[in-house]
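# Inside the fold
Chain by chain, the residues run as shown.
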Number of protein chains: 2
Amino acid sequence: MAKSPPLKKLPKSKNLVASVSTVSLPQREVHNGHRGAVLWFTGLSASGKSTIANELEAALFKRGCHVFVLDGDRVRHGLCSDLDFSEASRHENIRRVGEVAKLFAEAGTICIAAFISPYRADRDLVRTIMAGGKFLEVYVNAPLKVCEQRDPKGLYAKARKHEIRNFTGISAPYEAPLKPEIELRTDKLNVAEAVDKILSNLQKTCGVPWKKS
Amino acid sequence: MAKSPPLKKLPKSKNLVASVSTVSLPQREVHNGHRGAVLWFTGLSASGKSTIANELEAALFKRGCHVFVLDGDRVRHGLCSDLDFSEASRHENIRRVGEVAKLFAEAGTICIAAFISPYRADRDLVRTIMAGGKFLEVYVNAPLKVCEQRDPKGLYAKARKHEIRNFTGISAPYEAPLKPEIELRTDKLNVAEAVDKILSNLQKTCGVPWKKS
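Since the structure is predicted, the reported quantities are computational estimates derived from the model, not experimental observations. (Residues numbered from 1 in each chain as written. Chains lettered and ligands numbered in written order. Predicted model: local features only at pLDDT ≥ 70, side-chain atom pairs only at ≥ 80, totals over all residues. Heavy atoms only, no water.)

### What about the overall build of chain A?
- Each helix and strand counted, chain A has 9 helices and 5 strands in total.
- Its helices and strands in sequence order give chain A the pattern α-α-β-α-β-α-α-β-α-β-α-α-β-α, from N to C terminus.
- Residue burial in chain A is summarised as follows: out of 213 residues, 53% are buried.
- Of all intrachain contacts in chain A linking residues separated by at least 6 positions in sequence, the fraction that spans at least 24 positions is 75%. (Helix = DSSP H or I, 4+ residues; strand = E, 2+ residues; numbered from the N terminus. Buried < 20%, exposed > 50% of the residue type's maximum accessible area, 1.4 Å probe, protein only. Contact = heavy atoms within 4.5 Å.)

Dropping the structure here:
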């Protein structure tokens, strides 16, 4: 092989060896003014996950925090567009979202993942891949009868008529969290109260400023 | 079904309908002081992708930008841990990374994706899913003979001895970009010069401040 042209100015060792990320998570967190974390919202359809997630995102953004919501709308037609509704695909969907949420937390962001995520094992898998204290499980808890009465998309009605199969709470199980970091009884709290409850936790765990910046 | 307890304080319509994200991308970009984008680094093994990506990340971070590097180390054992080295898996790997990079750009971050990504169609697919001007292809271009002489991990030597199959540039094709937004001849530029060339582009395209903050 012919000798290649010399590398200009830079010593070979510096130029060639793949380096690790030069910006550490603590540096990012100091810059952002809060710690990164994953807030994992789980609960029945119509329990209020998306509504609270979006209001929380707005509240955190107003406080100057770096925050991003991952939900079905963000991944259904993109990252997880190859997945169907089989059981294996549902597990894989949560696994991938968990890995992406972890990347956002590594970037110093507060990542809010809002998915029914009915299986305890799937949620626990996401917990295990995260560094200690970076995973906060938020149980968005409304009784099934309340969710079914809300039914904003008419999904429960279809499930009762067997037009939708394997519908969580009706014809598929929902495994409630055993020790969620935060539980929100959305049949008793309104959205603002639910958001305040989470902010109070984030103030302690992530250094989020309580007052709006 | 029994009547559920009334929703406290909040009108039903507001509480129940899934809402879209309440923080827009322009709001995020104003807050960050620069636009979000995907910088897609492509090039042969040992062309300098990771080294430049990490130095660029440090330079952008010093300027107060929100930046994150996606590379093999970030996804191999996580998001893409289920993928092997078959051709189908390689395409799927790039597709998933592209979708994640897009999410970071939607969060207002400058996301640097550094992968050999040898197939033009795979890179073009990522370009098509991004909004106009948000995808910048960075061709990290060193002649094969230079990369092979560098060979920091001894991979080219193994590929020549047929110990590694389907090695890009040796026994598998590399399809060079036809119209990359940025081309870096890393046999002629050093790392600092390469970083400056990208920063100069980002100043125009993403509003990145030229001087360190």
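### Here we look at the nonpolar core
- The biggest cluster of nonpolar side chains holds 44 residues, and the ones touching the most others in it are Leu70(A) and Leu70(B).
- Counting only elements with at least two residues in this core, the list comes to β1 (37–42), β2 (67–71), α5 (87–106) and β3 (110–114) of chain A together with β1 (37–42), β2 (67–71), α5 (87–106) and β3 (110–114) of chain B.
- What Leu70(A) contacts, discounting residues up to four positions off in sequence, is Val75(A), Val97(A), Val100(A), Ala101(A), Cys111(A), Ile112(A), Ala113(A), Ala114(A), Phe115(A) and Leu103(B). (Core = buried A, V, L, I, M, F, W, Y, C linked by side-chain atoms within 4.5 Å.)

### Looking at the sheet that holds β1(A)
Residue and element names in this part refer to chain A.
- Strand order in this open sheet of 5 strands is β2-β3-β1-β4-β5, and the pairing throughout is parallel. Across the chains shown, the open sheet's two edge strands, defined by having one partner strand only, are β2 and β5 (182–185). The average angle at which neighbouring strand axes cross in this sheet is 20°, direction not considered.
- Where strand β4 (residues 135–141) meets β5, 4 bridges bridge the pair, whose relative direction is parallel. Within β5, the residue paired with Tyr-139 across the bridge is Glu-183.
- Relative to the sheet, helix α9 (residues 191–205) contacts β1, β4 and β5, its axis offset from that of β5 by approximately 170°. (Pairing = 2+ DSSP bridges. Axes fitted to C-alpha atoms, helices over the stretch in contact; angles between N-to-C directions.)

### Let's talk about the sheet that holds strand β5 (residues 182–185) of chain B
Residue and element names in this part refer to chain B.
- Strand order in this open sheet of 5 strands is β2-β3-β1-β4-β5, and the pairing throughout is parallel. At either margin of the open sheet sits one strand with a lone partner, and together these are β2 and β5. Shown here is a sheet whose adjacent strand axes are inclined to one another by a mean of 20°, direction ignored.
- As paired strands, β1 and strand β4 (residues 135–141) are joined by 5 bridges and run parallel to one another. Paired with Leu-39 across the strands is Leu-136, a residue of β4.
- On the sheet, helix α6 (residues 120–129) packs against β1 and β4 and is oriented at approximately 155° with respect to β4.

### Here's the deal with the pattern of salt bridges
- For the structure shown, the criterion picks out 29 salt bridges over all chains.
- The partner of Arg160(A) in a salt bridge is Glu148(A), and the shortest N-O contact between them spans 2.6 Å. With a gap of 12 residues between them, Arg160(A) in helix α8 (residues 155–160) and Glu148(A) in helix α7 (residues 144–150) connect regions that are remote in the sequence.
- On the basis of relative accessible area, Arg160(A) is assigned to the partly exposed category, the value being 47%.
- Here Arg123(B) and Glu137(B) are joined by a salt bridge, their closest N and O atoms 2.7 Å apart. With Arg123(B) in helix α6 and Glu137(B) in strand β4, the pair connects residues that are 14 residues apart, well separated along the chain. Glu137(B) matches Arg123(B) in its accessibility class, with the two residues each being buried.
- One salt-bridge network, held together by shared partners, links Asp82(A), Glu92(A), Arg95(A), Arg96(A), Asp82(B), Glu92(B), Arg95(B) and Arg96(B). (Salt bridge = Lys/Arg side-chain N within 4 Å of Asp/Glu carboxyl O.)

### Focus on the confidence of the model for chain A
Residue and element names in this part refer to chain A.
- For chain A, per-residue confidence averages 89 on the pLDDT scale, and 89% of positions sit at 70 or higher.
- Every residue in residues 1–19 is under pLDDT 50, and counting partners more than four places away or in other chains gives 40 contacts.
- For this predicted complex, the interface score ipTM comes out at 0.89, while the overall pTM is 0.89. (pLDDT = per-residue confidence, 0-100.)

### Brief notes about empty space enclosed by the protein
- For the structure shown, the criterion picks out 3 cavities of 30 Å³ or more.
- Reported here for the largest cavity is a volume of approximately 220 Å³.
- If you go around the largest cavity, you meet 20 residues; those closest to its centre are His66(A), Thr109(A), Asn32(B), His66(B) and Thr109(B).
- Among the secondary structure elements, those contributing two or more residues to the lining of the largest cavity are α2 (25–32) of chain A together with α2 (25–32) and β2 of chain B.
- Taken together, the residues of the lining of the largest cavity break down into 10 nonpolar, 8 polar and 2 charged. (1 Å grid on protein atoms, 1.4 Å probe; cavity = no way out; pocket = protein on both sides within 12 Å on 5 of 7 lines; lining within 4 Å. Points joined across faces, edges and corners; volume = space filled by probe spheres on them. Nonpolar A, V, L, I, M, F, W, Y, C, P; charged D, E, K, R; others polar.)

### Thoughts on the pairing of β3(B)
Residue and element names in this part refer to chain B.
- Burial analysis of β3 places 5 of its 5 residues in the buried class, which makes it a mostly covered element.
- Across 5 bridges, the pairing between β1 and β3 is parallel. Following the sheet pairing, Leu-39 is matched in β3 by Ile-112.
- Pairing analysis gives 5 bridges linking β2 to β3, with the strands arranged parallel. Its bridge partner lying in β3, Val-69 is registered against Ile-112.

### Some words on the packing of aromatic side chains
Residue and element names in this part refer to chain A.
- Evaluated as defined, the whole model comprises 11 aromatic pairs over all chains.
- Ring geometry for Trp-40 versus Phe-115: centroids 6.1 Å apart, planes at 25°, classification stacked. With Trp-40 in strand β1 and Phe-115 in the loop between β3 and α6 (120–129), the pair connects residues that are 75 residues apart, well separated along the chain. (Phe/Tyr/Trp six-rings, centres within 6.5 Å; stacked < 30°, edge-to-face > 60°.)

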